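# An overview of the molecular structure
Single-letter residue listing:
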Amino acid sequence: MGKVTYNGLTFEPYITNSTIIERVGEIAAQINSDYAGKCPLILCVLTGAFPFAADLFQELSIDAEISFIRLKSYEGTSTTGKVKEVMGLTEELAGRHVIVVEDIIDTGKTIKKLVDDLGEKGAASIKVATLLYKPESVQYDITPDYVGFEIPSKFIIGYGLDLDGLARNLKDIYSICENNL
């Protein structure tokens, strides 16, 4: 697992795929316990959370459904500060237990808006599962219920996370090298 370069920026290995998969299994076990006898709707936030949601969903032993929503708030290596819903939800949420699956919670603006919007649709409960969480960057009142890894405020790619659409297919997670900044 060596360094990789995208758009002239160099990234170094940060979290290996085997470590990710192990943690995904632990989160799935917790969800299996928390939702025993229920049939939650797993709501994957596209595009970045797709690998995490797929691996997590396959590890669930409980009955569950999966759906997708697409939001966007990033361009390049920084957040735009605006949340746009690109592809909407079609499922009825009234009375449903919803687990939102995110790739990363940075400022918290995107997930806060989504949770608020889902709450208005009458969900019985809403929990958030995120692969990565940057607690020092959070600016909104949102605390994820299931966290893969807490990380410092640095730009990362791989396992669904991208740089202008590239690097999502990397199996491992990479962080930007300090000499790029």
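This one's a predicted model, so the numbers in the text were calculated from it and none came from an experiment. (Residues numbered from 1 in each chain as written. Predicted model: local features only at pLDDT ≥ 70, side-chain atom pairs only at ≥ 80, totals over all residues. Heavy atoms only, no water.)

Counting residues in each nonpolar core, the largest one holds 29 residues, and the members touching the most others are I31, V101 and L132. Listed by contribution, the elements that provide at least two residues to this core are α1 (17-34), β3 (41-46), α2 (50-59), β6 (97-105), β7 (125-133) and β8 (146-150). Among the elements that take part in this core, α1 stands out by supplying five residues, more than any other. When neighbours within four sequence positions are excluded, V101 is seen to be in contact with I42, L43, C44, V45, A49, F52, A53, L56 and A129. If you look at the next biggest cluster of nonpolar residues, it comprises 19 residues, including L41, V45, I105 and Y133. (Core = buried A, V, L, I, M, F, W, Y, C linked by side-chain atoms within 4.5 Å. Buried < 20%, exposed > 50% of the residue type's maximum accessible area, 1.4 Å probe, protein only. Helix = DSSP H or I, 4+ residues; strand = E, 2+ residues; numbered from the N terminus. Contact = heavy atoms within 4.5 Å.)

For the rest of this paragraph, the subject is the packing of aromatic side chains. If you walk through the whole model with that rule in mind, you get one aromatic pair. Consider the rings of F11 and F155, whose centres lie 6.2 Å apart with planes at 50°: the pair is tilted. Taken together, the positions of F11 in strand β2 (residues 9-15) and F155 in the loop between β8 and β9 (156-157) put the pair 144 residues apart, joining distant regions of the chain. A single burial state applies to F11 and to F155, both of which are buried. Above the face of the Y35 ring, K38 is positioned so that its terminal group lies 5.8 Å from the ring centre. (Phe/Tyr/Trp six-rings, centres within 6.5 Å; stacked < 30°, edge-to-face > 60°. Lys NZ or Arg CZ within 6 Å of the ring centre and 35° of its normal.)

The pairing of β2 with strand β10 (residues 173-176) spans four bridges and is classified as antiparallel. In the sheet register, F11 faces β10, and the bridge partner there is I176. Bridge count between β9 and β10: two bridges; the pairing is antiparallel. If you follow I156 over to β10, its bridge partner there is S175. (Pairing = 2+ DSSP bridges.)

Another aspect to go through is the sheet that holds β9. A sheet is described by the order of its strands in space; here four strands give the open sequence β1-β2-β10-β9, paired in antiparallel fashion. Either end of the sheet is taken by a strand with one partner, and the two such strands are β1 (4-6) and β9. Bridging between β1 and β2 involves three bridges; their strand directions are antiparallel. What sits directly across from V4, in β2, is F11.

Let us look at the confidence of the model for the protein chain. Looking at the protein chain, pLDDT values average 89 and 90% of them are 70 or higher. Mean pLDDT values over the elements of the protein chain span from 54, in strand β5 (residues 78-87), up to 98, in α1. (pLDDT = per-residue confidence, 0-100.)

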